[in-house]
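One letter stands for each residue in the lines below.
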Amino acid sequence: MCGIVGVVSNAPVNQLIYDGLLLLQHRGQDAAGIVTQQGRKFFMHKAKGMVRDVFRTRNMRALPGTVGLGQVRYPTAGNAYSEDEAQPFYVNAPFGLVLSHNGNLTNAAELKAELFTTDHRHINTDSDSEVLLNVLAHELEKTTRGLPLAPSDVFAAVRGVHKRVKGSYAVVALIAGHGLLAFRDPFGIRPLCLGRGQNESGNTVMVASESVALEGTSHQFVRDIAPGEAVFVDIGGTVHAEQCAVNAQLKPCIFEFVYLARPDSVLDGISVYQARLNLGETLAKRVVSTVPPNEIDVIIPIPESSRPSATQLAHLLGIPYREGFVKNRYVGRTFIMPGQGVRKKSVRQKLNVIASEFKGRNVLLVDDSIVRGTTSREIVQMARDAGAKKVYLASAAPPVRYPNVYGIDMPTADELVAHDKTVEEIRIAIGCDALIYQDVEGMKRAIGSLNKNLDGFDASCFDGIYITGDITPESIAKMNAGRIDSSEENEVDVSRLALPNPQEAST
């Protein structure tokens, strides 16, 4: 999961991109990068860390231009500790291309071999985003063949990308001297939307992973980019759009609504906040069938994504809602942290209990989902240590039983607490007195009812159905071979074949 933003304006865009990335920081805390374009020259700064740490005043001054893009990242493939795998990525031909990508290619290994043997293009990292950039570059080169670039050439290149690439991808790219390109995979697994704004000098066109990045930068949301669609914004700010996929279907990742997206975003016509309220409503029926409401003294959410579901659940059951955990906002999300050891260590640093809300009570904790189970087990123990008589745990999402291959960091079945386990076995592993899960169909109905135009969801981590149709246990094992390397021994910088940061270029 990553957050991406792209802007075409007639005023400097560095600050606007920075502000957009701050609003998307929840989508990745491992690295951040911005590229701007002035004339036909690109200026880049990217590094490991959060947005506020990566970009200082000197970095922002070195990013001139009225066109640009940015990304916040957490890694699911390649090397988590390599700064060179921070995005955006750059190639110099054709024209000069820079690209940022949210998602995960499921045929990256095959494409990488194909790019070398057939297309004669070099890939210098383990990142699937660099693979995607080179496929786009090759297809764009085929469509132009030395001729001036037209929007129809850009769309032809994206059609070529859709034919070759499998998996999930929401993309923003810059074509030097020509404009900004944005497109989604034919299933629309990862979100991408389009907005417009105004400044003192004129109009601005912006694309971003979530609507909150548009609204928070004073842009008006126009629409979601459709699955398979490409949008090309030329240097003058004119928007060209075309459907570039055959049989495109809107099947967004359901985990975006459960956990990933901000509650104040609207994705593919669905309010994330309302989706979570609906999940709480359907969860209430599951709770009643497992634990009599008169045996629950208080309902407490596990911050922060579970709050809407917990609020609705408490309202429907007529049970007091209380805040029992205080979150340290200066510790990163445990879900995004690479390495299980780091994740375990951070839980008690991240949350502290308000003991008076637990002491002598039967407590129902509500979480948005349970993935690895390590955080849940620690939190249940914290509630017991605070004096709770009984600790029940409810998940607004069903059991996560299957690997995710579309850009969420849960690709190995062995890491999932629910894989090949019954609910009772999971309950014992977590240590709670009762465990209540949402059911898969209930989850789909609760969220799908908010937009009848959806063709379905990617809910593969819950139901094991991979909508791209190319996933087998063997292919999952192959992808895991290229999974992030969490060993800090690999932090050594081994490659500099990338567009350098501005201050590096001057040394």
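Trainee: Go over the overall build of the protein, please, and point to the residues and values.
Mentor: Helices and strands together make up the secondary structure of the protein, namely 17 helices and 21 strands. Looking at the protein as a whole, 61% of its 507 residues qualify as buried. Taking the contacts inside the protein whose residues are at least 6 apart along the sequence as the reference set, 71% of them involve residues at least 24 apart. Accessible area of the protein: about 19,500 Å², with a carbon and sulfur share of 49%.

Trainee: Account for the sheet that holds strand β10 (residues 202–208), with residues named and values stated.
Mentor: What the 7 strands build is an open sheet, ordered β3-β2-β4-β1-β10-β9-β11; its pairing is antiparallel. Edge strands, defined here as strands with exactly one partner in the open sheet, are β3 (41–48) and β11 (220–224). On average, adjacent strands in this sheet sit at an angle of 15 degrees to one another, irrespective of strand direction. In terms of strand pairing, strand β1 (residues 2–8) meets strand β4 (residues 67–73) through 7 bridges, oriented antiparallel.

Trainee: With reference to specific residues and values, describe the environment of Leu 316.
Mentor: Mapping Leu 316 onto the fold places it in helix α10 (residues 307–317). Expressed as a C-alpha distance, the spacing of Leu 316 and Lys 285, which sit 31 residues apart in the sequence, is 9.4 Å. Apart from the residues within four sequence positions on either side, Leu 316 is in contact with Glu 281 and Ala 284.

Trainee: Talk me through the pairing of β1; I want residue IDs and the actual numbers.
Mentor: The buried count for β1 comes to 7 of 7 residues, which makes it a mostly enclosed element. As judged from the 4 bridges shared by β1 and β10, these two strands associate in the antiparallel manner. Within β10, the residue paired with Gly 6 across the bridge is Val 207.

Trainee: With reference to specific residues and values, describe the pattern of salt bridges.
Mentor: Applying the stated criterion across every chain yields a total of 24 salt bridges. Close ionic contact of Arg 27 with Glu 210 constitutes a salt bridge, the shortest N to O distance being 2.8 Å. Linking Arg 27 in the loop between α1 (14–23) and β2 (31–38) with Glu 210 in the loop between β10 and α7 (211–215), this pair joins segments that are 183 residues apart in sequence. On the basis of relative accessible area, Glu 210 is assigned to the buried category, the value being 0%.

Trainee: Pulling in residues and values, what's your account of the packing of aromatic side chains?
Mentor: Overall, the coordinates contain 8 aromatic pairs when judged by the stated rule. With centroids separated by 6.3 Å and ring planes inclined at 80 degrees, the aromatic side chains of Phe 257 and Phe 457 adopt a geometry described as edge-to-face. Placement of the pair is Phe 257 in helix α8 (residues 255–260) and Phe 457 in the loop between α14 (440–448) and α15 (460–463), with a sequence separation of 200 residues. Owing to a relative accessible area of 1%, Phe 257 belongs among the buried residues under this scheme. The structure contains a cluster of three or more aromatic residues connected by ring pairs, namely Phe 255, Tyr 259 and Phe 462. Over the aromatic face of Phe 89 sits the side chain of Lys 46, whose NZ or CZ is 4.9 Å from the ring centroid.

Trainee: Lay out the sheet that holds strand β5 (residues 89–91) with the relevant residues and their values.
Mentor: Sheet architecture is open: 6 strands sit in the order β5-β6-β7-β8-β12-β13, paired in antiparallel fashion. Looking along the sheet, the strands with just one partner apiece sit at the ends: β5 and β13 (239–243). For this sheet, the mean inter-axis angle between neighbouring strands, taken without regard to orientation, is 20 degrees. Where β5 and strand β6 (residues 97–105) come together, 3 bridges link them in antiparallel fashion. Bridging across to β6, Val 91 finds its partner in Leu 97.

Rules used in this analysis
Residues numbered from 1 in each chain as written. Predicted model: local features only at pLDDT ≥ 70, side-chain atom pairs only at ≥ 80, totals over all residues. Heavy atoms only, no water. Helix = DSSP H or I, 4+ residues; strand = E, 2+ residues; numbered from the N terminus. Buried < 20%, exposed > 50% of the residue type's maximum accessible area, 1.4 Å probe, protein only. Contact = heavy atoms within 4.5 Å. Areas by Shrake-Rupley, 256 points an atom, 1.4 Å probe, with all protein chains shown as cover. Pairing = 2+ DSSP bridges. Axes fitted to C-alpha atoms, helices over the stretch in contact; angles between N-to-C directions. Salt bridge = Lys/Arg side-chain N within 4 Å of Asp/Glu carboxyl O. Phe/Tyr/Trp six-rings, centres within 6.5 Å; stacked < 30°, edge-to-face > 60°. Lys NZ or Arg CZ within 6 Å of the ring centre and 35° of its normal.

Spatial relationships are all this shows, so hold off on functional conclusions.
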